[in-house]
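# Observations on the three-dimensional arrangement
These are the residues of each chain, in order.
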Amino acid sequence: MNPEDARGITRISGDSREEVTEVIPDEQESACVVPIQFHDQHANRLREMALQEEPESSALSSQDKRLAAIEAALTVIEDRGLRGSTLDSIANECGCSRATLYRLFPGGRDTILNAIVSTETAKLFSAIASSMLPATSVSEAISASIYEAARFLEGHRALQKLLKDEPDTILPFFAFDGFESMLEQVVSFARPFLERWIDKDTAKRVVLWSARLTVSYLLCPADGIDLTNRDTVTRLVNTYIMPGVDILVGSY
Amino acid sequence: MDFWGSESVINNHSTSSTHRADQINQRILEAAFNCVVRWGVAKTTMEDVARECSISRATIYRYFPGGREELVQSVIAWQAGQFLADLYEVLHGAQSLQDILERLIFFSSDYLRNLEVLDRLLATEPDAVIPKLTTEINLMASTVSGFLVPYLREFGVNSQVNIHEAADYLARMLFSFISSPGDLDLQDRAKVSDLVRVELLSGIAY
């Protein structure tokens, strides 16, 4: 597309949607039909959920396109980091126009980045939830959730790229106030899974405790402690967390 | 004073040059800290620091070859060092592991609460501050971990516990709870006591 169009689109906000529609010819829209390569069942479930929210007669809903754009943006971040992830590079990776991205994500790049945080958090929570469901005891559930969270975060190439090359962009999510709001989210999501075995207050404390432990060892690895090793996680949980859970269960 | 001028001063007094260099280093750090308190990290320039301490930019660059980045990191390290020195004073004479950790949490959270500049920087320029703080916190955690080892030996730990791993675990959890307490009130002695008993020491020394 020519620069004229691109400039026009950057000014687009809610009141000028008509203009966007005019700018994007249909064939450019269909250029956004990129196969979504999710690597695990949780993400697929997420995609199904997303599709159900917005049933459309067309082959690909705009929710579908949004997810494809998010995957494309993640690939760009893996390659070039956050600062190198321009709207152009995301559009290029996605095989669609900047205009299409602006229509899918009013607000542009920032909106896409926020959407990435939401979808990746949802994927992480979904992975943790699936790991906790088959657990038969509270210690199994805690170990499984730490192991699964560690595997997800360590294997998350975009996250690892940012932690390595542009920590200033990502660390605010894992420290001080940013970490507190992440912990709040983790509690409200994970607590119910533990309430099968322990009371609400204990469950909250245990979730916070496990999340702190996980993030600490992931951001600043210690010799001999690899949270993507099941035996290590089980040992840590049994050594440091379970005695405390026993105290709490006995005292409430 | 220009670069060459200050150089000759140091050369002419070589016997006390180390002491003098320390003093200059200290003056620069204090000036940089004052500038950051006043203007924040992003708006503090080397020129501001030079004016604040009346030391030339060239000299400041000689002490901090990495420039602004290195200077800011050094200011944080210097403040962290001060904090640790005060902390050791507070821990002196503690009677048990429970006592040590309670004092540590209480003192640290009180210190952070009164460090207005930190609140302001975290609110206004988290991107500039948090990575540098995180680097420093990781260093402090390993210092604190090393500091705890002799106490764990002295007061004793459960038989299956590795002392070094336990000290490392404690330091991590301490820094996590202190820097992001959430809805936990770390000035509430009963809550802190409970936290130390359950989340920190239950697996290590009970």
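Structure: above.
First, a word on scope: everything that follows refers to the structure included in this document.

Right, let's talk about the overall build of chain A for a bit. What chain A contains, in helices and strands, is 14 helices and zero strands. Starting at the N terminus and ending at the C terminus, chain A contains elements arranged as α-α-α-α-α-α-α-α-α-α-α-α-α-α. When the 252 residues of chain A are sorted by exposure, 52% land in the buried category. Intrachain contacts of chain A at a sequence separation of at least 6 include 64% that bridge at least 24 residues. A total accessible area of about 12200 Å² is found for chain A, and carbon and sulfur atoms account for 49% of it.

Moving on to the interface of chain B and chain A. Listed by partner, the interface residues are 33 residues for chain B and 28 residues for chain A. Across the interface of chain B and chain A, roughly 2700 Å² is buried in total on both sides, 60% from carbon and sulfur atoms. For the pair chain B and chain A, the interface holds four salt bridges. For Asp183 of chain B, the salt bridge goes to Lys204 of chain A, with nearest N and O atoms at 2.7 Å. On inspection of chain B and its partner chain A, the count reaches 14 residue pairs in polar contact (both at pLDDT 80 or more). Elements supplying a minimum of two residues to the side of chain B that touches chain A: helix H7 (116-124), helix H8 (126-155), helix H9 (163-179), helix H10 (189-200) and helix H11 (202-205) of chain B.

Let us look at the environment of Glu102 of chain B. Residue and element names in this part refer to chain B. Looking at the secondary structure, you find Glu102 in helix H6 (residues 97-114). Considered as a pair, Glu102 and Leu186 are 84 residues apart in the sequence and their alpha carbons are 9.5 Å apart. With sequence-adjacent residues up to four places away left out, Glu102 is seen in contact with Val192, Ser193 and Val196. Side-chain polar atoms of Glu102 contact the side chain of Ser193, separated by 3.2 Å.

The next thing to look at is the environment of Ala203 of chain A. Residue and element names in this part refer to chain A. Structurally, Ala203 can be placed in helix H13 (residues 200-219). Looking at Ala203, the relative accessible area reads 0%, which means it is buried. For Ala203 and Val245, which are 42 residues apart along the polypeptide, the C-alpha to C-alpha distance reads 9.0 Å.

Cut-offs and rules
- Numbering of residues starts from 1 in every chain and runs along the sequence as written.
- Labels are handed out in written order, letters beginning with A for the chains and numbers beginning with 1 for the ligands.
- At least 70 in pLDDT is required for a residue's local features to be given in this predicted model, at least 80 for side-chain atom pairs to be given and counted, and no such filter applies to totals for whole chains, interfaces and linings, which use all residues.
- The basis for every side-chain value is the complete set of non-hydrogen atoms in the structure, without hydrogens or water.
- A run of H or I in DSSP becomes a helix once it reaches four residues, and a run of E becomes a strand once it reaches two; helices and strands are each numbered from the N terminus.
- Only protein chains enter the area calculation, which uses a 1.4 Å probe; residues under 20% of their type maximum are buried, those over 50% are exposed, and those in between are partly exposed.
- By the convention used here, residues are in contact when the closest approach between their heavy atoms is within 4.5 Å.
- Calculation of accessible area relied on Shrake-Rupley with a 1.4 Å probe; when residues are assessed, cover is drawn exclusively from the protein chains displayed.
- Summed over both partners, the accessible area (1.4 Å probe) lost when two parts come together is defined as the buried area.
- Salt bridges, as used here, are contacts in which a Lys or Arg side-chain nitrogen is within 4 Å of a carboxyl oxygen on Asp or Glu.
- Side-chain atoms alone can form a polar contact between residues adjacent in sequence; in general such a contact is a pair of N or O atoms within 3.5 Å, and within protein one must be able to donate a hydrogen while the other accepts it.

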